Amino acid sequence: MNLERTAMSERRLRRIFGFGVFLVALVTYLLTVQPSVSFWDCGEFIATAYTLAVPHPPGAPFFLILGRFVAMILPFISDLALLINLISVVSSAFTVLFSFLIGVRLIERWRGVAKSWTDVLVVFGSSTIGALVLTFSDTFWFNAVEAEVYAMSMLFVSGVVLLGMIWYEKAEVEGSEKYLVLAAYLMGLSIGVHQLSLLAYFSIAMFVFFKYYEFQWKRFFTFGVVSVLSFFVIWPGIVNWIPDALDGSFRGGPIDIRDSDLLRISPLLVIGGLLYGVYHSAKHKKKILNLATLSLLLMIVGYSTYMQVLIRASAKPPINENNPDEMSRFVAYMNREQYGQAPPITQRRWSTEPQHQASYQKYTSDSDYFWRYQLGHMYFRYLAWNFIGRAGDIQDAPATLLSHQSAWSESRGFPNRYFALPFLLGLIGLYYQFKKDWKFALSFLALFLVTGVVLVIYFNMAEPQPRERDYFFVGSFFVFTLWVGIGAVGILDSLGNCVKEDRHRKVALGVGAGFIAFVVPVNMAVQNYFDHSRNGNYIPWDYSYNILQSCEKDAILFTNGDNDTFPLWYLQEVEGVRTDIRVVNLSLVNTDWYILQLKNEEPHGAKKVAMNLTDDQIRNLSLAAWSEKDIDLVVPKEVFAQFGVSDTLITNKGKITFRMPPTLQAYDRQGRQVTAIRIQDIMVREIVLATKWERPVYFAVTVAPEAMIGLDNYLRMEGLAMRLTPVRGNSIYDIRQASEEHLRESLFNEPEGFYREPHRGFRFRGLANPKIYFNENDRRMMGNYRNAFIRLSLYYA
């Protein structure tokens, strides 16, 4: 039966199937979305979206602007974190829709438009299978339910690829260039979300090549070189060189220009030249020139969202990383100079950090390290996680096919077994696409490689990593799911060829499509649902609240890194909880801009952090040679009395003494190995000495003892924070170094709601609910609660 004879056209069926996969994805992610703030960067992104502040470099201004806009127009969702999480939910659902539409177009390139119900089963059924595999895949699903940039980044990647395919189909139609121009604008906007989105450029370049040129190896190689060079016009050209030039400087290779007025006006000259190019090419009907100049101009317009960084940094918001309020600091911000020099591509074992050097000893050469760790462990393992099976959620967990490797998880949600069926289907799809349509197969293989293997080479990651990095490669996994759909076509076509009678063929194809859907995407949904559902998981919110409420009023709180800092920022900036506390991140306190903010600014009226260093001294801080030595900390008598110290042998000294050890090995100018301390160690000492007991000082329980500069014996556990006291104990783990009153009131006084002012009483939402999944990071954080209960019970014992 031809579709023309039915009530529904092929286009209408496409919309119905497309809406179906969109709805499945949307409902899935709505049911499993994090109900509030998450760990890692999410708390920072939500807080900076709410306040339009400046997150870690290179920032995500368009993401923040959109987040703030959504918060203004949807005030009926009371939890702002959930609201920003929903941006990822909707973005991911649309990406799944775009994946379906791309899949349909790829299959129709050799099968043609569906003209019968048999075609509908094969074309739309297979594309649906591919889109659902993307929906339920491990990495994509994880990104879809939290306020990170990777979900929206993939929306841009899929949108640009889809626009490129629409242009390819309509290239002969007058005005079809609008699709490429729109794609260019979206690429410019995508820079304000995540720079990895720009890699979709290479798919567009391949589409253009195959549209206008007959394939020859020499011509293809030349075009490839031109494409790479033209990509440099976008990155680092537009992304880095334009702000660099606005600062009057340019550094590249042997060229080093500083303070040049000509360079400062050069970006304006470039924009003026592009405007003239658009006008001239339109007037004289120079199609290619018009497309190129208009695309570059709109890409710059999209990139202009980065003006938000300069504008808001100048307003001095509480979160203002790198303080990029002038062009020189903005350039440093965009170039990620906070993280040091980019590792050399040619040297794989490049890091001098002791932990990395120890790991490098496991490998015989740079090549061995690249193949086994960087490519094998940090890419192919993730590919296998998504399409073969995953053994567990403990960091470095391997892929699994059939076995139950319980050592890699403490959750009933693992292992996730897909029996490698999605992987085999994807390999079949790759082969089948090359067999039927090698040009577009090559185009998508290029996208797969550039968002996978090429990124492995570029990132040049050191071992170990602080967490799993599979989200870097989600673009590569996106392409593989398209091949999964094409693989389903290959199997269904083979099945259809085996059945001669039309009536029986429809039944066979229907059963075949249903069977593939059941054993691949449906099985993935069943396997992944529990450990991808964050429904009821309030661990990050509660844990951060509990840390803040462990501290007395106007405290200084030293935190370790992202997980015990970013959710705290969220609570302070968005929820207004304990804004009197100055959080001092021990990682960021190695930078001068952060120290200056602590010293000179008063966010939300909180007191400045005392230090005796001048601003110039702070700007010139660096590693310092150091041998273990005693440090005296003056203690007034009233402070001794406050902590119940009455022994005159102690109080008459008027001080306590702690032994500050070196924290790393370094080399002096003569190449001799010396012991040294970091800037963070200098600043902890400086803040402790300058505070003079005028306000309480705490270390979060997540701070490692080596970061406490030898104060361990003087720290007392109060909830989830260790308070500096003048009372010496045996060690930080001494059960007597805990406040029974504070622990008891915190652990057994759970409030109904929450308090913005100091109030003892921890929140433990959902911890006793076996239906809620807690990942390794959640479980590790929950271990600190266990430690607090054990401390208190041992105290009573």
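## A short note on the overall build of the protein
When you go through the protein residue by residue, the secondary structure sums to 30 helices and 14 strands. Rg of the C-alpha trace for the protein: 29 Å, near the compact-globule value of 28 Å for 797 residues, within the 12% margin. Taken along the three principal axes of its C-alpha coordinates, the protein extends 100 × 65 × 60 Å. Looking at the protein residue by residue over its 797 residues, the buried ones come to 57%.

## So, a nonpolar patch on the surface
Residues Leu401, Leu402, Phe419, Leu421, Leu424 and Leu427 make up a contiguous nonpolar surface patch of roughly 520 Å² in combined accessible area. With respect to the element layout, Leu427 can be found in helix α17 (residues 421-436). By relative accessible area, which is 40% here, Leu427 ends up partly exposed.

## Here's the deal with the environment of Val181
Tracing the chain through its elements places Val181 in helix α8 (residues 177-191). Linking Val181 and Leu291, residues 110 residues apart in sequence, is a C-alpha distance of 7.0 Å. For Val181, the residues in contact, after removing those within four places along its chain, are Leu291, Leu294, Ser295 and Leu298.

## Here's the deal with the packing of helix α9 (residues 201-212) against helix α18 (residues 438-450)
Packing of α9 against α18 leaves a shortest axis separation of 9 Å and a crossing angle of 160 degrees. With respect to each other, α9 and α18 are oriented roughly antiparallel. In this structure, α9 crosses over α18, and the sense of that crossing is right-handed. Packed against α9, whose contacting residues are Phe202, Ser203, Met206, Phe207 and Phe210, the element α18 presents Trp438, Lys439, Phe440, Leu442, Ser443, Phe444, Ala446, Leu447 and Val450 at the interface. The residue inventory of the contact of α9 with α18, partitioned by class, reads eleven nonpolar, two polar and one charged.

## Structural notes on the sheet that holds strand β13 (residues 715-718)
In spatial order, the strands read β6-β5-β12-β14-β13; together these five strands make up an open sheet with mixed pairing. Every interior strand has two partners, whereas the edge strands, β6 (582-585) and β13, have only one. This sheet shows a mean twist of 30 degrees between the axes of neighbouring strands, independent of strand direction. Note that strand β5 (residues 556-559) and strand β12 (residues 697-700) share three bridges and pair parallel. Residue pairing in the sheet places Leu557 in a bridge with Tyr698 of β12.

## Some remarks on the side chain of Asp531
Along the chain, Asp531 falls in helix α21 (residues 502-532). Buried charged residue Asp531 carries no salt bridge. Nearest counter-charge: Arg390, at 6.1 Å. A polar side-chain atom of Asp531 sits 3.0 Å from a polar atom in the side chain of His532.

## Things to note about the pattern of salt bridges
Enumeration according to the criterion identifies 37 salt bridges in this entry. One salt bridge in this structure joins Glu501 and Arg503, with 3.4 Å as the shortest N-O distance. Using a relative accessible area of 40% as the deciding quantity, one classes Glu501 as partly exposed. For Arg503, a relative accessible area of 55% puts it in the exposed group. Across the pair Arg659 and Glu628 runs a salt bridge whose closest N-O atoms are separated by 3.2 Å. In this pair, Arg659 is assigned in strand β9 (residues 655-660) and Glu628 in the loop between β7 (624-625) and β8 (629-634), connecting sequence segments 31 residues apart. Residue classification places Arg659 among the partly exposed residues on the basis of a relative accessible area of 42%.

## Describing the packing of aromatic side chains
For any pair of aromatic rings, the description rests on two quantities: the centre-to-centre distance and the angle between the ring planes. A complete count under the given rule lists 71 aromatic pairs for this structure. For the ring pair Phe209 and Phe223, a centre distance of 4.9 Å and an interplane angle of 45 degrees mean the geometry is tilted. Remark: Phe223 occurs in helix α10 (residues 217-246) and Phe209 occurs in helix α9; sequence separation between them is 14 residues. Among the residues examined, Phe223 registers a relative accessible area of 17% and is labelled buried.

## Comments concerning unusual backbone geometry
Note that the residue after Pro57, namely Pro58, is joined by a cis bond; omega there is 5 degrees. Relative to the elements of secondary structure, Pro58 occurs in the loop between α2 (42-51) and α3 (61-73). Positive phi, normally seen in glycine, also occurs at Lys285, with a value near 55 degrees. On the secondary structure map, Lys285 appears in the loop between α11 (261-283) and α12 (287-303). By relative accessible area, Lys285 is classed as exposed at 74%. Even without a glycine there, the phi angle at Asp396 is positive, about 75 degrees.

## Some remarks on the nonpolar core
If you look at the biggest cluster of nonpolar residues, it comprises 242 residues, and the most contacted ones within it are Phe63 and Phe444. Discounting residues that sit within four places of it in the chain, Phe444 has contacts with Ile102, Leu106, Val161, Met165, Phe207, Gln433, Val479, Leu482 and Trp483.

Rules behind the numbers
- Residues numbered from 1 in each chain as written.
- Predicted model: local features only at pLDDT ≥ 70, side-chain atom pairs only at ≥ 80, totals over all residues.
- Heavy atoms only, no water.
- Helix = DSSP H or I, 4+ residues; strand = E, 2+ residues; numbered from the N terminus.
- Rg over C-alpha atoms; globule rule 2.2 N^0.38 Å.
- Buried < 20%, exposed > 50% of the residue type's maximum accessible area, 1.4 Å probe, protein only.
- Patch = residues over 30% accessible without salt bridge, like charges linked within 9 Å, V, L, I, M, F, W, Y side chains within 5 Å.
- Areas by Shrake-Rupley, 256 points an atom, 1.4 Å probe, with all protein chains shown as cover.
- Salt bridge = Lys/Arg side-chain N within 4 Å of Asp/Glu carboxyl O.
- Contact = heavy atoms within 4.5 Å.
- Axes fitted to C-alpha atoms, helices over the stretch in contact; angles between N-to-C directions.
- Parallel < 35°, antiparallel > 145°, perpendicular 65-115°, else oblique.
- Left-handed = near helix turned anticlockwise from the far one by under 90°.
- Nonpolar A, V, L, I, M, F, W, Y, C, P; charged D, E, K, R; others polar.
- Pairing = 2+ DSSP bridges.
- Lys, Arg positive; Asp, Glu negative; His and termini not counted.
- Polar contact = N/O pair within 3.5 Å; in protein donor to acceptor, adjacent residues only side chain to side chain.
- Phe/Tyr/Trp six-rings, centres within 6.5 Å; stacked < 30°, edge-to-face > 60°.
- Core = buried A, V, L, I, M, F, W, Y, C linked by side-chain atoms within 4.5 Å.

Limitation: the analysis is restricted to geometry and does not speak to function.
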